[in-house]
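Fold and geometry: a report
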Amino acid sequence: MSILEILQFPDPVLRARAADVEKIDDRIRKLAADMIETMHHAEGVGLAAPQVGESIRMVVIDTSAGENPDEILILINPVIVQSDGEASCEEGCLSVPELRERVTRAERVKVQGYDLAGRAVEVVGEELLAIAIQHELDHLEGVLFFDHISRLKRSRYIAKRKKQLVEGG
Ligand code: NI
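Residues numbered from 1 in each chain as written. Predicted model: local features only at pLDDT ≥ 70, side-chain atom pairs only at ≥ 80, totals over all residues. Heavy atoms only, no water.

1. As for the packing of aromatic side chains
Here is the rule: In summary, the pairing rule links any two rings of Phe, Tyr or Trp, Trp by its six-membered ring, whose centres are within 6.5 Å, and it sorts them by plane angle into stacked for under 30 degrees, edge-to-face for over 60 and tilted for everything else. Per the convention used, a helix needs a DSSP run of H or I reaching at least four residues, while a strand needs a run of E reaching at least two, with both numbered from the N terminus. The buried label goes to any residue with under 20% of its type's maximum accessible area, the exposed label to any with over 50%, and the partly exposed label to all in between, with areas taken from a 1.4 Å probe on protein chains only.
Within this structure, the stated rule accounts for 3 aromatic pairs. Ring centres of Phe 9 and Phe 146 lie 5.0 Å apart, and the angle between their planes is 85°; this geometry places the pair in the edge-to-face category. One end of the pair, Phe 9, is in the segment before helix H1 (26-41); the other, Phe 146, is in the loop between helix H2 (127-140) and helix H3 (151-166), and 137 residues separate them in sequence. Judged by relative accessible area, which is 6%, Phe 9 ranks as buried. Measuring from ring centre to ring centre gives 5.8 Å for Phe 146 and Tyr 157, while their planes differ by 50°; the resulting arrangement is tilted. You can see Phe 146 sitting in the loop between H2 and H3 and its partner Tyr 157 sitting in helix H3, a full 11 residues away along the chain.

And the structure:
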């Protein structure tokens, strides 16, 4: 397994809609393993394929952050089929450096997708898992968590980030 480079905003891959995974082959299985390794190394609880430069619909989530292998979730072509309630939580993103903001999302979601063996899977997530599922699936649409905060806070962050990049930060 290898640790992959995590793209950072404003990389355009992060803003693209990702394509369906057409075939679950060794390349996809290797990518999933590398994404898990990369997520754990970066101490994240989720990672979407576009964040490592692969614009395809696959995410990995581990709300135990490497503590419990049973909690690792790999979802291919995932779709949220049910969501309810409302919860707000402070979020950050491995692709959005130096920003943490409170985001309001559904409290509970049901997601369907496929695992690495091509079997249909259905997961009901609450609390941190619900938030991680919604955050990671947003990445497949080119949506970043700051799209859910106020326009003022978002534009302030983007301006700061652009300034940093110009200055070589
Ligand atoms: Ni993220």
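2. Structural notes on a negative patch on the surface
The condition is simple: A patch consists of residues exposed above 30% relative accessible area that lack any salt bridge, with like charges linked at up to 9 Å and nonpolar side chains (Val, Leu, Ile, Met, Phe, Trp, Tyr) linked at up to 5 Å. Calculation of accessible area relied on Shrake-Rupley with a 1.4 Å probe; when residues are assessed, cover is drawn exclusively from the protein chains displayed. Salt bridges, as used here, are contacts in which a Lys or Arg side-chain nitrogen is within 4 Å of a carboxyl oxygen on Asp or Glu. Counted as positive: Lys and Arg. Counted as negative: Asp and Glu. His and the chain ends are not counted at all. Where a charge lies is defined by one atom per residue type, namely NZ (Lys), CZ (Arg), CG (Asp) and CD (Glu).
On the surface, Glu 86, Glu 107, Glu 126 and Glu 127 cluster together to form a negatively charged patch. Examined against the element boundaries, Glu 126 turns out to sit in strand E7 (residues 120-126). Looking at Glu 126, the relative accessible area reads 44%, which means it is partly exposed.

3. What to know about the nonpolar core
We count it as follows: Residues belong to one nonpolar core when they are buried, are Ala, Val, Leu, Ile, Met, Phe, Trp, Tyr or Cys, and are joined through side-chain atoms within 4.5 Å. We call two residues in contact when some of their heavy atoms are within 4.5 Å.
Grouped together as the largest cluster of nonpolar side chains are 16 residues, with contacts concentrated most on Leu 31, Met 35, Leu 47, Met 58 and Val 60. Looking at this core element by element, the count peaks at 6 residues for H1. Contacts of Val 60, omitting those with residues within four sequence positions, involve Ala 32, Met 35, Ile 36, Met 39, Val 45, Gly 46, Leu 47, Leu 73, Ile 74 and Glu 136. Formed by 15 residues, the second largest nonpolar core is a distinct cluster that contains Ala 48, Leu 73, Ala 130 and Leu 140.

4. Describing the coordination of the nickel ion
Geometry reference: four tetrahedral donors at a metal, ideal angle 109.5 degrees. Six octahedral donors, ideal angles 90 or 180 degrees. What counts is decided by this rule: Donor atoms: N, O and S within 2.8 Å of the metal, or within 3.2 Å for Na, K and Ca. Because water is excluded, sites can look incomplete.
Those donors, Cys 93 (SG), His 135 (NE2) and His 139 (NE2), are the protein atoms that reach the nickel ion, and they lie 2.1 to 2.2 Å from it. Read N to C, the donor residues that coordinate the nickel ion are spaced as C-x41-H-x3-H. Within this pair, whereas Cys 93 is found in strand E4 (residues 87-93), its partner His 139 is found in helix H2, the two being separated by 46 residues in sequence. A residue is classified by how much of its surface remains accessible, and Cys 93, at 12% relative accessible area, is buried.

5. Topic: H2
Condition: Helix span, expected: 1.5 Å multiplied by one less than the number of residues in the helix.
Counted at 1.5 Å a residue, the expected span for H2 with its 14 residues is 20 Å, and the 21 Å between its end C-alpha atoms agrees. When you tally the buried positions in H2, you get 11 out of 14 residues, the bulk of the element. All of the buried residues in H2 are Ala 130, Ile 131, Ala 132, Ile 133, Gln 134, His 135, Glu 136, Leu 137, Asp 138, His 139 and Leu 140. Among the residues trailing H2, Gly 142 stands out with phi positive, at a value near 80°.

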